[in-house]
Amino acid sequence: MTGLPVARVLVDSPLPQLDQLFDYRVPERLAGTAVRGVRVRVPLRSGGRIAQGWIVELAERSEYRGELSDLDDVVSDVPALTPDVWRLARSAADRAAGNASDILRIAIPPRYVRAERAWRAAEPDPGPLPDRPTAIDGYGPGRVERGIAAGERMALTADARPVRLSSGAWVGGWARTVAQAAAHALAHDRSTIVAVPDYRDQEQLEAALAEFVDPRRVLRTDARQTGPARYRAFLDATGDAARVVIGSRSTVYAPAARPGVIIVVDDGDALQSEPLAPGVHSRDAALIRQEQTGAALLFLAHSRSVDVQRLVEVGWVHDVPPLRGARPRIVLTEQQAAPESGGARIPSAAWREAQAAVTAGPVLVQVARPGHTPMLVCDRCREPARCAACGGALVVPRGGGTPACGLCGTAATAWRCGVCEGTKLRAAVVGASRTAEELGRAFPRSRVVVSDGERPILRVGAEPQLVVATRGAEPIAEGGYRAILLLDGERMLLRESLRVAEDCLRWWSNASALAAPGSPVFLVGVGGALGTALATWRQAAWAAEELETRRTLRFPPAVRMASVTSSHERLAAALERVRGVDGVDVLGPTPAADEGLERAIVRFGYAAGVEVAQRLKGEAIRAATERRRPVAGRRPGRPPVVRVRMDDPDLP
């Protein structure tokens, strides 16, 4: 070995056998730029290929006995991979039986040369820090502030009312709480990282932050930005200035100087779950980062997730109850619709309140689905209506008219039921557009506005109007809504999922928090424990009861689950290895969606998670490195594969 330094590189590759550090010699021409955290190109010994990677460490010598290859080149001399982010990516990947490079691909945006040059040329000016710590309202004098100073993990129930900022903008009370916590951390020269579900929440949070901190201290990182803008914000976050970094689920991996508090808003939202491999939830990444950095961690939501409730019960997260204050006025109503509602599915009591409320201001109507009639069935036998051409579901287009296939667009002009030969169709599900039509007939003098995924509306004014919105797309209203009608509750609960009740309670709670103080919120057709939890605003108590039920059944989050997909023989070998771990049991296997593959579910306790992940990843590496000799005259078969998804959100 020569005296030249050795670079330990993580190769950017999805192959599990490459998820380790490889030693490369640093040539003299790269001695000044090949530093820790920079992106480099390295040779691979198979086929003379060149791959990209990250320098994770520099060492004086290598333990490898053979001849080291030289680094090919330094892609950028900006150390974009900070030590904190590397430790987080490595730990999160190990917990999820995945590759660290897959997480770094999510955490670090693609490089843009012009943005990098502009960042280098710019004089850093993050603006002044707050001159004094900001008080955090609603949780007792100094309670949250002391928790932030001590690096505590806390679960907070969000303020369930819209608030007006000094700028005149209206935001949810939760946004003001987050802004106050961020300003408090900034006053102590500490950074804040905030992960919110989507851009609607991000817009409210930005408006609230402008009330308490200099906008130059706020960095936004999300998919709605242009590539150069996102990369520039990422580079700014790598500096020494304390910042407030806000964005979607991947923001938990953002670099930040001296993290003081990490905040995950509404962790139960499906948008906080990362769909890309290895599928680490933002909640889990935030827990790992908090433990590594010593920063405080806040889980803030109107409705507590069962996962956070488990953390509270084991003592890992502290419950910080709010001071006794205003909460929505929930009214549970029957399903029977009033005749005068014009088919809008509104019970009599809610109908009368809505009639009076719409004369004074906006009224919100939450529905389950977008579109006009997203599902049609046979009027005689209730069999779902299918297209005669391709078998797709028949729907009524958003603008109304003749039913047509949702896949191929073929009009169902001469449709006939394949079960009973019936020729008439009826609506099984009514969407936002049709609800708006029915409300327009029932309230002929009121303006009707539709907000859904295709036509999102972020804010509405205080003038009288009816706002029909799908779940999660409810705009915030100036002064709050004068009445809220939560329709289609029983249809939302029909979805086949372990978390359907938890999701519905969260959707209804988030919508209820948009009501003006004292205004009624009508939950239509839902009673029992779920309706009572919303009416009494005791979502945490419901989460505790739900968690106890899941403990009895051994369902997440009482236990962890992993899905393993492979061929019959290889899956049997993988399951045999994990069965040797204490407390593991296996469900399945069953045929997978891919032809010729099978899937099994591995269920295990949290204490066994590290060993289960190691053994399953070992099987994935064995499958990836297995070599098959081609048979003369035969086409090569499918390469062996073992797909592992820890904490699969689609299970059970």
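In this report, the structure presented in the accompanying data block is examined. For clarity, every value in this text was computed on a predicted model and none was experimentally measured. The numbers attached to residues start from 1 for each chain and follow its sequence in the written order. Where totals are concerned, whole chains, interfaces and linings use all residues; where local detail is concerned, this predicted model gives features only for residues with pLDDT of at least 70, and gives and counts side-chain atom pairs only at 80 or more. In computing side-chain values, all of the structure's heavy atoms are included and hydrogens and water are not.

1. Focus: the overall build of the chain
To be explicit about the condition: Only DSSP runs of H or I covering at least 4 residues are called helices, and only runs of E covering at least 2 are called strands; the numbering of each starts at the N terminus. For the radius of gyration, the atoms used are the C-alpha atoms, and the globule rule reads 2.2 Å times the number of residues raised to 0.38. When a residue's accessible area, from a 1.4 Å probe over protein chains only, is under 20% of the maximum for its type it is buried; when over 50% it is exposed; and in between it is partly exposed. In what follows, a contact means two residues having at least one pair of non-hydrogen atoms within 4.5 Å. We get accessible surface area from the Shrake-Rupley algorithm with a probe of 1.4 Å; when it comes to residues, only the shown protein chains can shield them. A positive count includes Lys and Arg, and a negative count includes Asp and Glu. His and the chain ends are not counted in either. In this description, the location of a charge corresponds to atom NZ of lysine, CZ of arginine, CG of aspartate or CD of glutamate.
Across its full length, the chain holds 17 helices and 30 strands. Against the globule reference of 26 Å for 652 residues, the chain gives a C-alpha radius of gyration of 28 Å, in line with a compact fold. If you line up the chain on its principal axes, its C-alpha atoms span 90 × 75 × 50 Å. Residue burial in the chain is summarised as follows: out of 652 residues, 52% are buried. Contacts in the chain between residues far apart in sequence, at least 24 positions, make up 71% of those at least 6 positions apart. Accessible surface, the chain: about 29200 Å² in total, of which carbon and sulfur atoms supply 50%. Within the chain, one finds 86 positive and 76 negative side-chain charges whose respective centroids are separated by 2 Å.

2. Some details on the sheet that holds strand β9 (residues 191-195)
Strand pairing within a sheet occurs via backbone hydrogen bonds; the two strands may be parallel or antiparallel. Applicable threshold: Two strands pair if DSSP finds at least two bridges between them. A fitted line through C-alpha atoms represents every axis, and for helices the fit uses only the stretch in contact; the resulting angles, taken between N-to-C directions, go from 0 to 180 degrees.
Ordered by their spatial adjacency, seven strands build an open sheet running β10-β11-β9-β12-β13-β6-β14, and the pairing between neighbours is parallel. A single partner strand is all that each edge strand has here, and the edge strands are β10 (218-221) and β14 (318-320). When strand polarity is set aside, the average angle formed by the axes of neighbouring strands in this sheet is 20 degrees. The pairing of β9 with strand β12 (residues 259-265) spans five bridges and is classified as parallel.

3. What about the packing of aromatic side chains?
Note the cut-off: Whether two aromatic rings pair depends on their centres lying within 6.5 Å, for rings of Phe, Tyr and Trp, where Trp uses its six-membered ring; planes under 30 degrees apart make the pair stacked, over 60 edge-to-face, and the rest tilted. By definition here, charges over rings are those cases where NZ of Lys or CZ of Arg is within 6 Å of the ring centre and within 35 degrees of the ring normal.
The final tally for this structure, using the stated rule, is one aromatic pair. Between W351 and F443, the aromatic rings sit 4.8 Å apart at their centres with planes inclined by 45 degrees, giving tilted as the arrangement. In this pair, W351 is assigned in helix α10 (residues 348-357) and F443 in the loop between α11 (432-442) and β21 (448-451), connecting sequence segments 92 residues apart. According to the relative accessible area criterion, W351 is buried, its value standing at 4%. A cation over a ring is seen here: R153 above W316, with NZ or CZ 3.7 Å from the ring centre.

4. Topic: the nonpolar core
Just so we agree on the cut-off: Among buried residues, the Ala, Val, Leu, Ile, Met, Phe, Trp, Tyr and Cys ones that are joined through side-chain atoms within 4.5 Å form a nonpolar core.
Ranked by size, the top nonpolar core spans 40 residues in total, and within it L81, L104, I108, Y253 and F299 carry the most contacts. Breaking this core down by element, the ones donating at least two residues are β4 (50-59), α1 (83-95), α2 (100-107), α7 (227-237), β12, α8 (282-293), β13 (296-301) and α9 (306-313). When residues in this core are grouped by element, the largest group, six residues, is from α1. In this structure, I108 is in contact with R39, W54, A80, L81 and F234, ignoring residues within four places of it in sequence.

5. Some points on the side chain of H281
For the record, the criterion: As used in this structure description, the phrase polar contact means that two N or O atoms lie within 3.5 Å; if the pair is within protein, one of them must be able to donate a hydrogen and the other to accept it, and residues adjacent in sequence are counted only when both atoms belong to side chains.
Among the secondary structure elements, H281 is positioned in the loop between β12 and α8. In this structure the side chain of H281 is engaged in a polar contact, spanning 3.3 Å, whose partner is the backbone oxygen of D267. A distance of 2.9 Å separates a polar atom in the side chain of H281 from the backbone nitrogen of R283. With sequence-adjacent residues up to four places away left out, H281 is seen in contact with D267, D269, Q272 and S273.

6. Considering the environment of R232
Residue position: R232 is located in helix α7. Look past the residues within four positions of R232 in its chain and what remains in contact with it is A115, A118, W119 and A122.

7. Structural notes on the sheet that holds β4
With antiparallel pairing, the five strands of this open sheet are ordered in space as β2-β1-β4-β3-β5. Looking at the sheet topology across the chains shown, the edges are occupied by β2 (21-25) and β5 (73-76). Recorded for the sheet is a direction-independent mean angle of 45 degrees between the axes of neighbouring strands. The pairing of strand β3 (residues 39-43) with β5 spans three bridges and is antiparallel. Opposite R41, over in β5, you have D73 as the bridge partner.

8. Brief notes about the state of the cysteines
The condition is simple: Only a pair of cysteine sulfur atoms within 2.5 Å counts as a disulfide in this structure description.
What the rule picks out here adds up to zero disulfides. Its sulfur unpaired, C387 is 3.8 Å from the next cysteine sulfur, which belongs to C408. No disulfide involves C405; its sulfur sits 3.4 Å from that of C390, the nearest cysteine.

9. Notes on the packing of α1 against α8
Quick note on the threshold: Small angles under 35 degrees read as roughly parallel and large ones over 145 as roughly antiparallel, with 65 to 115 read as roughly perpendicular and the rest as oblique. Here a crossing is taken to be left-handed if its near helix is turned anticlockwise relative to the far helix by less than a right angle, and right-handed if that turn runs clockwise. Ten residue types, Ala, Val, Leu, Ile, Met, Phe, Trp, Tyr, Cys and Pro, are classed as nonpolar, four, Asp, Glu, Lys and Arg, as charged, and the remainder, Gly among them, as polar.
Contact pair α1 / α8: the axes reach a minimum separation of 10 Å and the direction vectors enclose 130 degrees. In terms of axis orientation, α1 runs oblique to α8. Note that α1 runs across α8; the crossing there is right-handed. Listed contacts from α8 to D84, V85, R87, L88, S91, A92 and R95 of α1 are D284, A285, I288, R289, Q292 and T293. Taken together, the residues of the contact of α1 with α8 break down into five nonpolar, three polar and five charged.

10. Regarding the side chain of R570
In this structure, R570 sits in helix α16 (residues 568-578). Judged by its relative accessible area of 15%, R570 is buried. Residue contacts for R570: discarding those within four places in its chain leaves E619, R622, A623, E626, P640, V641 and V642.

11. What about the pairing of β3?
Both β3 and β4 contribute to a ladder of five bridges, which runs antiparallel. Considered in β4, the bridge of V40 is made with G53.

12. Observations concerning the packing of α1 against α2
Packed helix pairs are specified by the crossing angle of their axes together with the interaxial distance, meaning the distance between the axes. Where α1 meets α2, the closest approach of the two axes is 8 Å, and the angle between their N-to-C directions is 130 degrees. By the angle class used here, α1 and α2 are oblique. Of the two elements, α1 crosses α2, and the hand of that crossing is right-handed. Here V85, W86, A89, R90, A92 and A93 of α1 lie close against α2, whose contacting residues are A100, I103, L104 and A107. Here the residues of the contact of α1 with α2 are counted per class, giving nine nonpolar, no polar and one charged.

None of the figures reported here should be taken as evidence of function without further support.
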